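Breakdown of the fold
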Amino acid sequence: MKKEEAKKQVLSILVENQPGALARIAGLFSGRGYNIESLAVAPTMDAAVSRMTIMTRGDHAVLEQIKKQLNKLINVLKVVEVRKRRSVQRELAMVKVTASAEDRTELMRIVEIFRGRVVDVSHESYTVEITGKTAKIEAFLELVKPMKVGDVARTGPIALNREPL
Amino acid sequence: MRLKGTQILKEVLREEEVEVVFGLPGGTVIDIYDELLGSEIRNIVVRHEQAAVHAADGYARAAGKVGVSLVTSGPGATNTVSGIASAYMDSVPLVVLCGQVPTYLIGNDAFQEVDISGITRPCTKHNYLVRRVEDLARILKEAFHIARSGRPGPVLVDLPKDVMCARTRYRPVERLELKSYRPVYDPKCKPLARAVELIGRSRRPLVLAGGGVLLSGASAELRAFARKIRAPVTSTLMGLGAFPASDPLWIGMLGMHGTRAANMSTASCDLLIAVGARFDDRVTGKVDAFARQAEIIHIDIDPTSIRKNVPATVPIVGDCRVALQKLNRLLARDNGSPPESRQAWLQEIDAWKRGQVRYRRRENVIKPQQVIEELFRLTAGEAIITTEVGQNQMWTAQYYPFDEPNRLITSGGLGCMGFGLPAAIGAQVASPDRLVVDVAGDGSIQMNIQELATAVQYGLPVKVVILNNRYLGMVRQWQELFYDRRYAGTPVDVAPDFVKLAEAYGAQGLRALTPDEVVPVLEKGLCSRKPALMDFRVAREEGVYPMVPAGAPLTRMLTAPGEEDLLEGPARRA
């Protein structure tokens, strides 16, 4: 088949909340050489069903195969391709920034611009919570880089397609 | 009614009409063996758990039912993995029941504990660990349903000892509620109509039959289809027997060791109709060069098989049998292109067929192909043939033509040496009145030769034909062709005396050293009432030809060095 450029794709997967279901999906990706850039999973309103949001990468043929392979798993209920437009995507990041006295004002200003929140304070550091599209999180991290950034925890994107109006 | 876990298992096995279980007992399954003792469910106890799964595989394919294995936890479970992986690749419906340590010990590295559901996740269609006896009946029913429906495959159920000894109220499971597992049997109309259109337009159509034709029982439909559209038919290894080899439209197997006609025709066909095949690399050769001039109609029940390795112009997701029935009905109505327009194509194919590569017999040494040809003649092509893996398997595919489905039982996808003998045992259990022959090499027969004891114990008169060249022959052939004849690791000069070994097991042992001994030994062995092992000392460095080097286009077929003339002109023999 023709080689074309790999593109990013977010998949939203409804999966039965069974032991081993996550391992099945993760194993499918690693066993077949597919790429997982991020993965977020939690139960839905139905406790028996979890939603998994996976960001992957591949050309058209690979993405088609990934969707088919996922659908083939007995525990997978539904696989939805998250559209690039007409969807809402969010990621949450918590960032520990070691801010000296002179940096703190600048940090606070950046946090405010990004509509983040300081959720923990100590003598040496602020822990900042920030939500938004992945690009926004990355822009924030870029801006605070000159200050000393400690631990960073990110959820990876979660997403839902928009409903028609 | 309150039943024990083991009793529930027995009930479900009865409901599923399981006649036989292949296995080997151990600590965690004593209770199950105890329960089955004296029941109408037959226990065939093998000598190694890999054989339990291969035997269930052979049984499943010969009987057209779900094969069942029962093994203990830990090493019993890990020993099944090769068998499960082979059945998975070849889409064979199996339920593998594994003992497990009690639930309160799981995760503690208990004696003979292993996470077998974790280990087999990538090579089962689905698997389960039963945590509560209340779930047991439902899970077992689901396991059988999943194994046999859609694209069949092995399902493993891990059974902790305490769950099997616990009691619960038992009611037969009436309805399964698998939320998202609904295999599509009935193909959509639109692609079928489009297929008919392409078929009508095609001047050089080719039909490729895969194992899916056998699994869906579509041989009769395939026959009608090919005759209606007057297209030549080739098949994969797994598809042999799907179309009668004696039919004039048959052009032989495709791929690395395929016939000249089959390989050449893929390069110039304008339409390839693949039915239940998945385009394995051994079938396509260099994938970019495969069927380049052809549009491809691809029928398969598993959507992941379509567009995985080759593009499909018309993908048809559905059961091969249903799809062919529908196509046949549409074609009967269709008065498009007269099949006469395909005459030139069929003539071209015939020319390739006449140029089929043969082998030369010799006066003083047995040729392995000759053994297979005589085996075919003496069995009138009606035996159930299992094979090991390697040269023996390919010579069988080339020189034992199959007219009926399910007569060849071989480990196609995984290529699992040691498959043939236990598979023959399973097939013999399924078909006690049929002649079952395992075609083996001296290398692979030694991988599960201990199963001769099983055959003797249960009075299963399977026959083993060993093509003994004292090499791991297929690898040796690659070394001869591509590694400058450096035979690293392939000579297996030290082997048991197979005749004495057979006798030691209580089977019959026979040997042929010269060509004139071939037929007498076969006659004697095949007529024996006991399991018989026949040791044919064959030409050591005979190769399987034609051969397409791995990764080369199918049209690049090699013949034996110095015998290039065998590729041209009509068949000839010295």
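The model shown is predicted, which means the values in this text are computed figures rather than measured ones.

1. Looking at the overall build of chain A
Within chain A one finds 4 helices and 9 strands. Each helix and strand of chain A, placed in order from N terminus to C terminus, yields the pattern β-α-β-β-α-β-β-α-β-β-α-β-β. Taking the principal axes of its C-alpha atoms as reference, chain A extends roughly 55 × 40 × 40 Å. Per-residue burial for chain A yields a buried fraction of 39% across its 165 residues. Within chain A, counting contacts between residues at least 6 apart in sequence, those at least 24 apart form 72% of the total. With the model as given, the accessible surface of chain A reaches about 9,800 Å², and the carbon-plus-sulfur share is 54%. Charge separation in chain A, taken as the distance between the mean sites of 28 positive and 20 negative side-chain charges, equals 7 Å.

2. Observations regarding the overall build of chain B
Within chain B one finds 22 helices and 20 strands. When the 574 residues of chain B are sorted by exposure, 60% land in the buried category. Taking the intrachain contacts of chain B between residues at least 6 apart in sequence as the baseline, contacts between residues at least 24 apart amount to 75%. Entry remark: accessible area of chain B is about 21,900 Å², with carbon and sulfur atoms responsible for 51%. A gap of 4 Å separates the mean positions of the 70 positive and 64 negative side-chain charges of chain B.

3. As for the sheet that holds strand β3 (residues 49-58) of chain A
The strands that make up a sheet are held in pairs by hydrogen bonds between backbone atoms, and each pair lies either parallel or antiparallel. All names here are of chain A. In spatial order, the strands read β2-β3-β1-β4; together these 4 strands make up an open sheet with antiparallel pairing. The open sheet has two edge strands with one neighbour each: β2 (38-43) and β4 (76-82). When strand polarity is set aside, the average angle formed by the axes of neighbouring strands in this sheet is 20°. In this structure, β2 lies alongside β3, joined through 6 bridges in antiparallel fashion. What sits directly across from A42, in β3, is R51.

4. Notes on a positive patch on the surface
Taken together, the side chains of A:R83, A:R86, A:R90, A:K133 and A:R162 make up a positively charged region of the molecular surface. Structurally, the position occupied by A:R162 is in the segment after β9 (158-161).

5. With respect to unusual backbone geometry
Residues and elements named next belong to chain B. In this structure, the amide linkage connecting Y545 to the following residue, P546, adopts the cis form with an omega of 0°. Checked against the element boundaries, P546 lands in the segment after β20 (532-537). With phi around 55°, Q112 is a residue other than glycine that occupies positive phi space. Mapped onto the elements of the fold, Q112 is located in the loop between β5 (94-100) and α6 (116-120). Accessibility expressed as a relative area gives 26% for Q112, which makes it partly exposed. The residue D484 is not glycine, and still its phi comes out positive at about 60°.

6. Quick notes on the interface of chain B and chain A
On the chain A side, the residues contacting the 21 residues of chain B number 14 residues. Carbon and sulfur atoms supply 53% of the area that chain B and chain A bury against each other, a total of about 1,600 Å² over both sides. Where chain B touches chain A, the interface holds 1 salt bridge. Salt-bridge contacts for A:K72 lead to B:D302; the nearest nitrogen and oxygen are separated by 2.7 Å. Linking chain B to chain A there are 8 residue pairs in polar contact (both at pLDDT 80 or more). Among the residues forming the side of chain B that touches chain A, the class breakdown is 8 nonpolar, 4 polar and 9 charged.

7. Re the domain arrangement of chain A
Residues and elements named next belong to chain A. By the assigned domains, chain A splits into domain 1 (7-82) and domain 2 (87-161). Placing the centre of domain 1 and that of domain 2 at their C-alpha centroids yields a distance of 28 Å. Facing the 11 residues of domain 1 at the interface are 9 residues of domain 2. Carbon and sulfur atoms make up 63% of the area that domain 1 and domain 2 hide from each other, which totals about 670 Å². For the domain 1 face of the interface with domain 2, the top three residues by lost area are A40, T53 and V82, together amounting to 49%. The tally of links between domain 1 and domain 2 comes to 1 residue pair in polar contact (both at pLDDT 80 or more). Its residues assigned to classes, the side of domain 1 that touches domain 2 comprises 6 nonpolar, 3 polar and 2 charged.

8. Remarks on the packing of aromatic side chains
Residues and elements named next belong to chain B. Using the criterion set out here, one finds 10 aromatic pairs over all chains in the structure. An angle of 90° between the planes, with centres 5.4 Å apart, marks the rings of Y359 and Y399 as edge-to-face. Taken together, the residues Y359 in the loop between α15 (343-354) and α16 (368-378) and Y399 in helix α17 (residues 391-399) connect sequence positions 40 residues apart. Exposure class is identical for Y359 and Y399. Each is buried. On the basis of an interplanar angle of 90° and a centroid distance of 5.1 Å, the ring pair of F376 and Y400 is categorised as edge-to-face. Here F376, found in helix α16, pairs with Y400, found in the loop between α17 and β16 (408-409); they are 24 residues apart in sequence, far enough to count as distant.

9. A short note on the pattern of salt bridges
Under the counting rule described, the total for this entry stands at 45 salt bridges over all chains. Between A:E91 and A:R154 there is a salt bridge, with the nearest N and O atoms lying 2.6 Å from each other. Here the residue A:E91 occupies a position in strand β5 (residues 87-98), and A:R154 occupies one in strand β8 (residues 148-154), the gap between them amounting to 63 residues. Residue A:E91 is classed as buried on the basis of its relative accessible area, which comes to 3%. Between B:D90 and B:R61 there is a salt bridge whose closest N-O contact spans 3.4 Å. Placement of the pair is B:D90 in the loop between α5 (81-89) and β5 and B:R61 in helix α3 (residues 49-63), with a sequence separation of 29 residues. Three or more residues joined by partner-sharing salt bridges are found here, namely B:R358, B:R361, B:E373, B:E374 and B:R377.

10. Observations regarding the side chain of B:T259
Residue and element names in this part refer to chain B. Residue placement: T259 occurs in the loop between β11 (250-253) and α12 (260-268). Within the structure, the side chain of T259 is placed 2.7 Å from the backbone oxygen of I251, a separation counted as a polar contact. Beyond its immediate stretch of four places on either side in the chain, T259 contacts I251, G252, M253, Q356 and M557.

11. Points about the domain arrangement of chain B
Residue and element names in this part refer to chain B. Split by domain assignment, chain B resolves into domain 1 (2-169), domain 2 (189-354) and domain 3 (368-544). The gap between the C-alpha centroids of domain 2 and domain 3 is 31 Å. At the interface, 16 residues of domain 2 touch 18 residues of domain 3. Summed over both partners, the interface of domain 2 with domain 3 comes to about 1,300 Å²; 63% of that surface belongs to carbon and sulfur atoms. Looking at the side of domain 2 facing domain 3, the largest losses of area belong to L237, L240 and H257, adding up to 42% of the total buried there. Across the domain 2-domain 3 interface, the total number found is 0 salt bridges. Seen at the junction of domain 2 and domain 3, the total is 4 residue pairs in polar contact (both at pLDDT 80 or more). Across the side of domain 2 that touches domain 3, the residue classes tally to 9 nonpolar, 4 polar and 3 charged.

Rules of the game
Residues numbered from 1 in each chain as written. Chains lettered and ligands numbered in written order. Predicted model: local features only at pLDDT ≥ 70, side-chain atom pairs only at ≥ 80, totals over all residues. Heavy atoms only, no water. Helix = DSSP H or I, 4+ residues; strand = E, 2+ residues; numbered from the N terminus. Buried < 20%, exposed > 50% of the residue type's maximum accessible area, 1.4 Å probe, protein only. Contact = heavy atoms within 4.5 Å. Areas by Shrake-Rupley, 256 points an atom, 1.4 Å probe, with all protein chains shown as cover. Lys, Arg positive; Asp, Glu negative; His and termini not counted. Charge placed at Lys NZ, Arg CZ, Asp CG, Glu CD. Pairing = 2+ DSSP bridges. Axes fitted to C-alpha atoms, helices over the stretch in contact; angles between N-to-C directions. Patch = residues over 30% accessible without salt bridge, like charges linked within 9 Å, V, L, I, M, F, W, Y side chains within 5 Å. Salt bridge = Lys/Arg side-chain N within 4 Å of Asp/Glu carboxyl O. Buried area = accessible area lost by both parts, 1.4 Å probe. Polar contact = N/O pair within 3.5 Å; in protein donor to acceptor, adjacent residues only side chain to side chain. Nonpolar A, V, L, I, M, F, W, Y, C, P; charged D, E, K, R; others polar. Domains from an automatic or database assignment. Phe/Tyr/Trp six-rings, centres within 6.5 Å; stacked < 30°, edge-to-face > 60°.

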